[in-house]
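The primary structure of each chain is shown beneath.
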Amino acid sequence: MSPHVLVLGGTTEARALADGLTTRTGIRVTTSLAGRVTRPGPVAGEVRVGGFGGAEGLAGWLREQRVDAVADATHPFAGTITANAARAAALTGLPLVVLRRPGWEPGPRDRWHPAASLEAAADLLPGLGQRVFLTTGRLGLAAFAHLTELEFLVRSVEPPEPPMPPRTRVLLARGPFTVTGETAVLRDHRVDVLVTKDSGGAATAAKLTAARALGLPVVVVRRPPLPDGVRAVPDVAAALRRLHELLRGR
Ligand code: NAP
């Protein structure tokens, strides 16, 4: 029987990983999506949608579906599913490959203000600017809802829901974004501070280049740590190599 790989998805890398695995014949690939986005892009192989019901639920699913290896290619800020994947791998004895794109690094001209959480980012904002470009996603806006004096431009893929700051304008858009486009957004909306998660990757890095050129401060929310004992690979090629090694001979 073909070895079965579960890819925990929701990222560009997860899609590329499913592509790479399915091009090698003899591997069955199922990608799991949380179901947060109403129109996800096409994914190679099989797709399932929705939560598993915690680590135990995931472990049960892995046993039931006779999975041979788990690849966690979720977003660096999706800390709960990553913790659940580590726990479920331990419960089932299955190999786990965690793919985490590297975080962004500030350059000498960057004015970055690290924050440990969205709440800590909100605490920093009143001292940094008045017109905020908030690119941390539509979930988590509640952390900024009490900042009634500041103006927010919120960019998200799907429309956000309250609670959110009262003076909010919404820009619906999906990356990748260009430096020219990001510079235009910052200028047109007279943004004076940017807030971002340290998502890493090229698709959404242009805003940092644009902010640097305009001399704007950037609040950068740090990633949640990986679970104890988990080491990540940095890209799709390394994840594919690791999975092929693990599945060799199966
Ligand atoms: P999270 O906080 O780590 O997970 C919350 C719960 O959602 C999990 O406990 C799990 O439910 C379910 N879940 C998450 N990812 C799943 C997946 N790939 N397949 C099935 N169930 C999943 O996750 P999140 O931050 O809300 O992110 C949700 C999804 O969006 C992830 O797949 C992630 O890759 C993607 N994403 C997240 C961000 C971000 O900034 N957080 C950005 C871009 C894309 P159960 O416990 O019931 O299994």
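I will try to describe carefully the structure that is included in this document.

So, how was this worked out
Residues numbered from 1 in each chain as written. Predicted model: local features only at pLDDT ≥ 70, side-chain atom pairs only at ≥ 80, totals over all residues. Heavy atoms only, no water. Helix = DSSP H or I, 4+ residues; strand = E, 2+ residues; numbered from the N terminus. Rg over C-alpha atoms; globule rule 2.2 N^0.38 Å. Contact = heavy atoms within 4.5 Å. Axes fitted to C-alpha atoms, helices over the stretch in contact; angles between N-to-C directions. Parallel < 35°, antiparallel > 145°, perpendicular 65-115°, else oblique. Left-handed = near helix turned anticlockwise from the far one by under 90°. Nonpolar A, V, L, I, M, F, W, Y, C, P; charged D, E, K, R; others polar. Phe/Tyr/Trp six-rings, centres within 6.5 Å; stacked < 30°, edge-to-face > 60°. Buried < 20%, exposed > 50% of the residue type's maximum accessible area, 1.4 Å probe, protein only. Lys NZ or Arg CZ within 6 Å of the ring centre and 35° of its normal.

Here's the deal with the overall build of the protein chain
When helices and strands are tallied, the protein chain shows seven helices and 12 strands. The globule rule puts the C-alpha radius of gyration for 250 residues at 18 Å, and the 20 Å found for the protein chain is close to it. Projected onto its principal axes, the C-alpha coordinates of the protein chain cover approximately 60 × 35 × 30 Å. Pairs at least 24 apart in sequence give 66% of the contacts found in the protein chain among residues at least 6 apart.

Some words on the packing of helix H2 (residues 54-64) against helix H3 (residues 79-92)
Contact geometry for H2 and H3: axes closest at 8 Å, N-to-C directions at 50°. Taken as axis vectors, H2 and H3 run oblique relative to one another. As H2 runs across H3, the sense of the crossing is right-handed. Taking contact as the criterion, the partners of Gly 54, Ala 55, Glu 56, Leu 58, Ala 59, Leu 62 and Arg 63 in H2 are, on H3, Asn 84, Ala 85, Arg 87, Ala 88, Leu 91 and Thr 92. Taken together, the residues of the contact of H2 with H3 break down into seven nonpolar, three polar and three charged.

Quick look at unusual backbone geometry
A cis amide bond links Pro 162 to the next residue, Pro 163, at an omega of 0°. Tracing the sequence through the fold places Pro 163 in the loop between strand S8 (151-156) and strand S9 (168-172). Residue Pro 176 is bonded to the preceding Gly 175 through a cis peptide linkage, with omega at 5°. Within the fold, Pro 176 resides in the loop between S9 and helix H5 (179-188). Here the phi dihedral of Arg 66 falls at roughly 50°; this positive angle occurs in a residue that is not glycine. Along the chain, Arg 66 falls in the loop between H2 and strand S4 (69-72). Positive phi is not limited to glycine here, since Arg 190 has a value of about 50°. Of note, Arg 190 is situated in the loop between H5 and strand S10 (193-197).

Some thoughts on the packing of aromatic side chains
Overall, the coordinates contain two aromatic pairs when judged by the stated rule. Seen from their ring centres, Phe 52 and Trp 61 are 5.6 Å apart, and the 70° between their planes marks the pair as edge-to-face. Classification of Phe 52 by relative accessible area gives buried; the value is 16%. Positioned above the aromatic ring of Phe 52 is the side chain of Arg 48, whose terminal nitrogen or guanidinium carbon lies 3.9 Å from the ring centre. When the ring centre of Phe 177 is taken as reference, the NZ or CZ atom of Arg 155 above it lies at 3.6 Å.

Details of the packing of helix H1 (residues 12-23) against helix H7 (residues 236-247)
As a packed pair, H1 and H7 sit with axes 10 Å apart at the nearest point and diverge in direction by 45°. Classified by the angle between their axes, H1 and H7 sit oblique to one another. Note that H1 runs across H7; the crossing there is right-handed. Counting all contacts with H1, which are made through Glu 13, Ala 16, Leu 17, Gly 20 and Leu 21, the residues of H7 involved are Val 236, Ala 239, Leu 240, Leu 243 and His 244. For the contact of H1 with H7, the class distribution of residues is seven nonpolar, two polar and one charged.

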